[in-house]
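Secondary and tertiary structure notes
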Amino acid sequence: MAATIDLTLDAADAQALAAFWRTALGYIDEPPPAPFRTREEWHASFDLPEDDSVDDGAWLCDPDGNGPRLAILKVPEPKTAKNRLHMDVRVPGHGTTPEERWARIRAESERLVRAGGTVLEAFDGHHIMMADPEGNGFCVAATSA
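Residues numbered from 1 in each chain as written. Predicted model: local features only at pLDDT ≥ 70, side-chain atom pairs only at ≥ 80, totals over all residues. Heavy atoms only, no water.

A few words now on the overall build of the chain. Assigned secondary structure in the chain consists of three helices and eight strands. For the chain, the α and β elements follow one another from N to C terminus as β-α-β-α-β-β-β-α-β-β-β. C-alpha atoms of the chain, sized along the principal axes, occupy 55 × 35 × 30 Å. Relative to its full complement of 145 residues, the chain shows a buried share of 31%. Within the chain, residue pairs in contact and separated by at least 24 positions form 59% of the contacts whose partners lie at least 6 positions apart. (Helix = DSSP H or I, 4+ residues; strand = E, 2+ residues; numbered from the N terminus. Buried < 20%, exposed > 50% of the residue type's maximum accessible area, 1.4 Å probe, protein only. Contact = heavy atoms within 4.5 Å.)

This is the structure we're talking about:
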């Protein structure tokens, strides 16, 4: 049996970055773990410093349960270097022409720019390298045929 993974992103503003990734991935806020009814209740169960807020983190999940969970956690230090790991956001719709796939990739990157992302470089016909609002790199590409 294969292991499952969660992805964690460090952030200066966890809630703002979560809003971007909800839009990018179609994810939703993950419900708190049982037996807690709210994230605030769950957060209060830990012995944390008084200035540690539940808003310093966000937990997202694929509503269909297929993709990895995404945790976004506030950290005090800024991002200083290139990511050693990045996500590829795959737009659906294989089985069409290369031109149609490229048009879907471009349309998705434009949608993510409106959500706060930045285009870094386009590799015509293949993928677009982007950054989220805090500079974390990711690519937009088509799903495998």
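There is more to say, and it comes next.
Applying the stated criterion across every chain, the model contains seven salt bridges. For Arg39, the salt bridge identified is with Glu30, shortest N-O distance 3.1 Å. Under the relative-accessibility criterion, Arg39 is labelled buried at 14%. Of the residues examined, Glu30 reaches a relative accessible area of 16% and is grouped as buried. Within this structure, Asp6, Glu30, Arg39 and Arg69 form a network of salt bridges that share partners. (Salt bridge = Lys/Arg side-chain N within 4 Å of Asp/Glu carboxyl O.)

As summarised here, the arrangement of the four strands in space is 1-4-3-2, forming an open sheet in which the pairing is mixed. Lying at the two open borders of the sheet, with one neighbouring strand each, are strand 1 (6-11) and strand 2 (28-29). With two bridges joining them, strand 2 and strand 3 (residues 57-61) adopt antiparallel strand pairing. Paired with Asp29 across the strands is Leu60, a residue of strand 3. Contacting strand 1, strand 2, strand 3 and strand 4 (69-74), helix 1 (residues 14-25) crosses the sheet at an angle of about 10° to strand 3. (Pairing = 2+ DSSP bridges. Axes fitted to C-alpha atoms, helices over the stretch in contact; angles between N-to-C directions.)

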